[in-house]
Structure formats: structure tokens, C-alpha cells
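Chain residues, written in single-letter form:
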Amino acid sequence: MNFVERALLLCQSSPLKVFSLNYVIDGDEYVQGDESRINSWITAAIRRNVQELRLHLGIEHPAFNYSLPSCIFRCETLTEFHLLLNGTLRLPSSIRLKNLKVLALEYLHLEDDRSIEQLFSCPSLETLSMDYCTWPEDMVLNISAPKLLSLSIVERDSFLDIGSHSHITIIAPCMKSFDFYGEFLDDYAISGSPSLEEAIVHVYHPSDVERKPDEYAHHAYKLLKDLSHVKHLTLSEDILEDFDENRGIVDLDSLPFFAHLTKLKFTARNGVSIESETAEGILDPAPQCFLTSLKEITIGYFDAADYEFLSVMILLRAALALEELVIHCTDQCFLHFPGDLTEVLLALPRASSRCAISLLPCETQVD
């Protein structure tokens, strides 16, 4: 540690491109005064006009009461800030990070909504990710980032029971991608993002927690309406199950048609299936994107069961603009169907004569 301090303090004339600090200790290793040592290192990096700051501070000790030095949030040279802090992020009342382009936060608790809004609304911010962050209960948060291109949110687990039903509005006119993974504990709204092209919405219900999809299905339903103009959409099967189980809350007939969709993916544990024994009335009429823009469909975990063949037939029959159907086959697939599977699939009636069908082996995790 003395060597680090000497290296930081003796070369103050030269600028620092990257400063990365990984400081993870358990209760037994904590030493009184570690907070001031950490702050002195960070402050030295700020004085040397650091561009990229990466802090991984995993300290588990009740006596460790830590606040980041406020000079971080006035550093005009800072372009990337990555912070993991298993504690509360205390922010100054004024934040001036005019050149910050990348902000990544993990495992921390955010309190002051006005300071948070300043941090998330930096004028040059292009990439924002929030993984397992928590908010005060019923917080109303408005994120207005004029240059934001990418937003990623991984929600905290519901069993933590920290805060609930916060309302988060994102105003990002240049945003092109949105990635969400969680249970929709909070209410998210995306407004004024006409450039949004790709969205991933993965609803996850922990297996060891009682599932209560009725509490959050409406949040997911509202967000999908905000994403109705995307071109690439990935959904998990859990979100569709939540909608199906909560028809009193969610009006399935008024779900958006995603008229501009060119690529659709479903992440599912059991591939594609259908309860009906016939194709009558299913995707009839077809959504507008099936007729004009949807060019690629990917199916995972295909076992070659009869109901799966029927599902594929329905998709092929409805997708007029389809150019490629990719099917990931399980190990059981060719045991269930020992013949030429590709030949049989190509013989199915198709609305698009130019649609190619590709068979691939299942990967560990297939979209």
C-alpha cells in the first residue's frame, strides 16, 4: 500500500488514463483508517486528471462508514465511472461531470433523488447501467439524458424487500438500446425515444420466492407499450405467462403490434409450443410486422414434438416478410424424428418463398 501511495503522489505531473481499485475485505480484515487511505488514493487520481475510474469496494463491516470523495463528481476529465459499492452512495448537492460518457453502478443504495437525477442526466452520458441497485420506497425519479444511447437495468431480488414501487421515467431522445432483467418491482416509463431500435425484456422470478406476478404484470404491460416501435425485440416466456395469468389486469387484446419489428426472439426453457390441436384462428389476422418487416425468428430447445411442428407451421404461414427461421435442436430432437428434419420443415407451407430454415444444436443458453 505504501508503494501505491508513492506511485500516485510522486508522479503528479503526468495525467492518468485509468485508475482501478479493487478493495474487498470481510469483517476480520477491516483496519481503522482504511476509509481515509482509499479516499487519498482516489483524490490523487482525480488530481492527475483521470479519464476512467473503476472502484470495486466490497467492505462488509459495521464500522466501515464510507463516503466517496466529492471531487469525483466535479472531475471534468472523467469519461467513464464504474462503481460497485455494497452500501449507500452519498452524492453532493451539485454534480458537474460534463464529459462523462459511461456510468456503471452495481450493488449500491441511492437516496437523494435530486442528486441522482443530476448524475443520470449528465450532458455527455451515452451508456448507463444499474445492476442490483436499490431506491427509497416510492421514489419518483426522472432521468433526462440528451445523448444517452444505451440503458441497462438489472433489478434487485424481491426477497431483499428494500423499497418498492418506485416510479422511474426515462427521457432519452437518442437512445437506441434498452435492456431489462428483473421482476418489474418498480414502474418504468420510456418517453421521447424515437431512435430506440433494440429492447431486451427478461422477466425473472426467483425459484425460492413465492411468485406474485399480479403485483408487477401491469408494470411490464405499460413498458411494452412504450417499446412498441422497436425493430429488434427479445422477450422471456415469464412475461407472457404473467400476462396470461393476469387477464383482469392486462388487456391482451390491446397489446401493441410492434409494427416496425424486424427481429423477434423468445427466451424460453421449453422452446416453442401451442395448446391448440389446430392452427385455425391463430395469428389470423397476423400482426402488421409479420406482413411487412419481420425478417428473422429464432426458436430454442426444439424437440420435434407434434405441437412444436404446429407452432412452426403457424409462424411460417403468417410471416410474409420472413427471410430466416433459425431452430436450435435438442439432443432428443433427432431421436424423436429420425428422418430428414430439414426436408420436412422446408415442405411446410410458407407465406414467404425466400425464407431459409437453419437447424443448429442447442447452446447452453439459447435465445
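Refer to the structure printed above.
Residues numbered from 1 in each chain as written. Predicted model: local features only at pLDDT ≥ 70, side-chain atom pairs only at ≥ 80, totals over all residues. Heavy atoms only, no water.

*Asks:* Please give an account of the overall build of the protein chain that cites residues and values.
*Replies:* Each helix and strand in the protein chain was counted, giving nine helices and 16 strands. Within the protein chain, the proportion of its 367 residues that are buried is 46%. In the protein chain, of all internal contacts separated by at least 6 residues, the share reaching a separation of at least 24 is 70%. Carbon and sulfur atoms provide 50% of the accessible area of the protein chain, an area that totals close to 18,300 Å². (Helix = DSSP H or I, 4+ residues; strand = E, 2+ residues; numbered from the N terminus. Buried < 20%, exposed > 50% of the residue type's maximum accessible area, 1.4 Å probe, protein only. Contact = heavy atoms within 4.5 Å. Areas by Shrake-Rupley, 256 points an atom, 1.4 Å probe, with all protein chains shown as cover.)

*Asks:* Outline the packing of aromatic side chains, listing residues and values.
*Replies:* Taken as a whole and assessed by the stated rule, the structure comprises eight aromatic pairs. Between Phe184 and Tyr188, the aromatic rings sit 6.4 Å apart at their centres with planes inclined by 70°, giving edge-to-face as the arrangement. Judged by its relative accessible area of 1%, Phe184 falls in the buried class. For Tyr188, a relative accessible area of 2% translates into the label buried. Here the aromatic residues Phe180, Phe184 and Tyr188 are joined through ring pairs into a cluster of three or more. (Phe/Tyr/Trp six-rings, centres within 6.5 Å; stacked < 30°, edge-to-face > 60°.)

*Asks:* Tell me what's going on with the sheet that holds strand E8 (residues 167–171), and back it up with residues and numbers.
*Replies:* Strands sit in the order E6-E8-E10 across an open sheet of three strands; the sheet is parallel. The open sheet has two edge strands, strand E6 (140–144) and strand E10 (187–191), and neither has a second partner. Here the strands of the sheet are splayed against their neighbours by 15° on average, with no regard to which way each runs. Across five bridges, E8 lies against E10 in parallel orientation. Within E10, the residue paired with His167 across the bridge is Asp187. (Pairing = 2+ DSSP bridges. Axes fitted to C-alpha atoms, helices over the stretch in contact; angles between N-to-C directions.)

*Asks:* Run through the pattern of salt bridges, naming residues and quoting values.
*Replies:* Per the stated rule, a full pass over the model turns up seven salt bridges. In this structure, Glu80 and Arg54 form a salt bridge, with 3.9 Å as the shortest nitrogen-oxygen distance. Here Arg54 lies in strand E2 (residues 52–59) and Glu80 lies in strand E3 (residues 80–89), a separation of 26 residues in the sequence. Residue Glu80 is classed as partly exposed on the basis of its relative accessible area, which comes to 22%. With a shortest N-O distance of 2.9 Å, Asp187 and Lys222 are connected by a salt bridge. Pair noted here: Asp187 is in strand E10 and Lys222 is in helix H4 (residues 217–226), with a separation of 35 residues, a long-range link. (Salt bridge = Lys/Arg side-chain N within 4 Å of Asp/Glu carboxyl O.)

*Asks:* Describe the side chain of Thr330, and please don't skip the residues or the numbers.
*Replies:* Among the structural elements, Thr330 can be located in the loop between strand E15 (324–329) and helix H8 (333–336). Overall, Thr330 belongs to the buried group, its relative accessible area being 14%. What Thr330 contacts, discounting residues up to four positions off in sequence, is Tyr301, Phe302, Asp303 and Cys362.

*Asks:* So what's going on with the environment of Leu148? Residues and values would help.
*Replies:* The residue Leu148 is located in the loop between E6 and strand E7 (150–155) in this model. Leu148 gets classed as buried once you look at its relative accessible area, which sits at 1%. Between the alpha carbons of Leu148 and Ser124 there is a distance of 7.7 Å; along the sequence they are 24 residues apart. Once you skip the residues sitting within four places of it in the chain, Leu148 turns out to touch Leu125, Glu126, Thr127, Leu128, Ala172, Cys174 and Met175.

*Asks:* Residue-level account of helix H7 (residues 306–318), with values.
*Replies:* In this model H7 runs 19 Å from its N-terminal to its C-terminal C-alpha over 13 residues, within 8% of the 18 Å that 1.5 Å per residue would give. Within H7 the residues assigned to the buried category are Glu308, Phe309, Leu310, Ser311, Val312, Ile314, Leu315, Leu316 and Ala318. The elements touched by buried residues of H7 are helix H6 (288–292), strand E14 (296–302), E15, helix H9 (341–346) and strand E16 (356–361). (Expected span 1.5 Å × (residues − 1).)

*Asks:* A description of unusual backbone geometry should follow, citing residues and the corresponding values.
*Replies:* The backbone phi angle of Tyr107 is positive, close to 50°, even though this residue is not glycine. Mapped onto the fold, Tyr107 is located in strand E4 (residues 102–110). Backbone geometry at Asp138 places phi at a positive 60°, although glycine is not the residue there. As for its position among the elements, Asp138 is in the loop between strand E5 (127–133) and E6. Take Asp138: its relative accessible area is 45%, and that puts it in the partly exposed class.

*Asks:* Explain the pairing of strand E11 (residues 198–203) residue by residue, including any values.
*Replies:* Of the two faces of E11, only one is covered, namely that formed by Ala199, Val201 and Val203; the face formed by Glu198, Ile200 and His202 stays uncovered. Of the strand pairs in this sheet, strand E9 (residues 177–182) and E11 are connected by six bridges, and their pairing is parallel. Paired with Phe178 across the two strands is Ala199, which belongs to E11. Inspection of the sheet shows E11 paired to strand E12 (residues 232–236) by four bridges, in the parallel sense.

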